[in-house]
Amino acid sequence: MRNRILAIAAIAGAIGAPIAAQAQSDTVGIVRGGSVIINDDADGIAVDQRPAFREYIIRERVPNYTIPDRVIVGGVLPETGVTYYDVPQTYGVMPYRYTVVNGQTVLVEPRSRRIVQVVE
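Because the structure is a prediction, the values reported are computed rather than measured.

On to the overall build of the protein chain. From N to C terminus, the protein chain includes two helices and seven strands. Seen in sequence order, the protein chain has helices and strands lined up from the N terminus as α-β-β-α-β-β-β-β-β. Scored against the burial criterion, the 120 residues of the protein chain give a buried share of 31%. Contacts in the protein chain between residues far apart in sequence, at least 24 positions, make up 54% of those at least 6 positions apart. As displayed, the protein chain has an accessible area near 8,200 Å², and 53% of this comes from carbon and sulfur atoms.

To continue, consider the nonpolar core. I45, F53, I57, V87, Y98 and L107 are the most contacted members of the largest nonpolar core, which totals 14 residues. Going through the elements one at a time, α2 (50–60), β5 (97–101) and β7 (114–119) are the ones with two or more residues in this core. By residue number, the principal contributor to this core is α2, which donates three residues. Excluding residues that lie within four positions of it along the chain, I57 makes contacts with V62, Y98, V100 and T105. I67, V71, L77 and V108 belong to the second-largest nonpolar core, a separate cluster that totals eight residues.

Let us now look at the packing of aromatic side chains. In total, this model carries six aromatic pairs according to the counting rule given. Geometrically, the ring pair formed by F53 and Y91 is edge-to-face, given 5.0 Å between the ring centres and 75° between the ring planes. Pair noted here: F53 is in helix α2 and Y91 is in the loop between β4 (85–86) and β5, with a separation of 38 residues, a long-range link. Here F53 and Y91 have matching classes, each one buried. Of the aromatic side chains, those joined through ring pairs into one cluster are F53, Y56, Y85, Y91 and Y98.

Another aspect to go through is the confidence of the model for the protein chain. When the pLDDT values of the protein chain are averaged, the result is 77; 65% of them are 70 or greater. For the stretch residues 17–41, pLDDT sits under 50, and the model shows 24 contacts to residues farther than four places along the chain or on other chains.

The next thing to look at is the environment of V116. The topology assignment puts V116 in strand β7. Look at V116 and you get buried, because its relative accessible area is 10%. Residues V116 and V76, spaced 40 residues apart in sequence, show a C-alpha to C-alpha distance of 9.5 Å.

Turning to its location among the elements, I67 is positioned in the loop between β3 (64–65) and β4. Relative accessible area serves as the criterion here: at 10%, I67 is assigned to the buried category. Each C-alpha atom, one on I67 and one on V82, is 9.2 Å from the other, the two residues being 15 residues apart in sequence. When near neighbours in sequence (up to four residues on either side) are disregarded, I67 contacts L77, P78, V101 and N102.

About the criteria used
- Residues numbered from 1 in each chain as written.
- Predicted model: local features only at pLDDT ≥ 70, side-chain atom pairs only at ≥ 80, totals over all residues.
- Heavy atoms only, no water.
- Helix = DSSP H or I, 4+ residues; strand = E, 2+ residues; numbered from the N terminus.
- Buried < 20%, exposed > 50% of the residue type's maximum accessible area, 1.4 Å probe, protein only.
- Contact = heavy atoms within 4.5 Å.
- Areas by Shrake-Rupley, 256 points an atom, 1.4 Å probe, with all protein chains shown as cover.
- Core = buried A, V, L, I, M, F, W, Y, C linked by side-chain atoms within 4.5 Å.
- Phe/Tyr/Trp six-rings, centres within 6.5 Å; stacked < 30°, edge-to-face > 60°.
- pLDDT = per-residue confidence, 0-100.

If you want it as structure tokens, here you go:
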């Protein structure tokens, strides 16, 4: 009887876990065994400013760098071979730099070169 109750509890937990994960507003990325949590509302380019930021990138003709790794939040870009640019004050993310890698515009923490946002 006790085994049956434990089995039912385990199944209920397994079914409920994805629902609980969807209820969170944060985006979670898994990188090299660690978790990186980025809150889209607090960090990075705000949703309503992204189209203007993409237009800015096109106007500036920022070169596209190609790397062999996937471009994901939490990933670390190479020390050499990529140029990082200051984000204009208009977009309010002063501590970060941006670049275009594998056709995707990314915000990067300058000291660690860790991607904090893929601007889509």
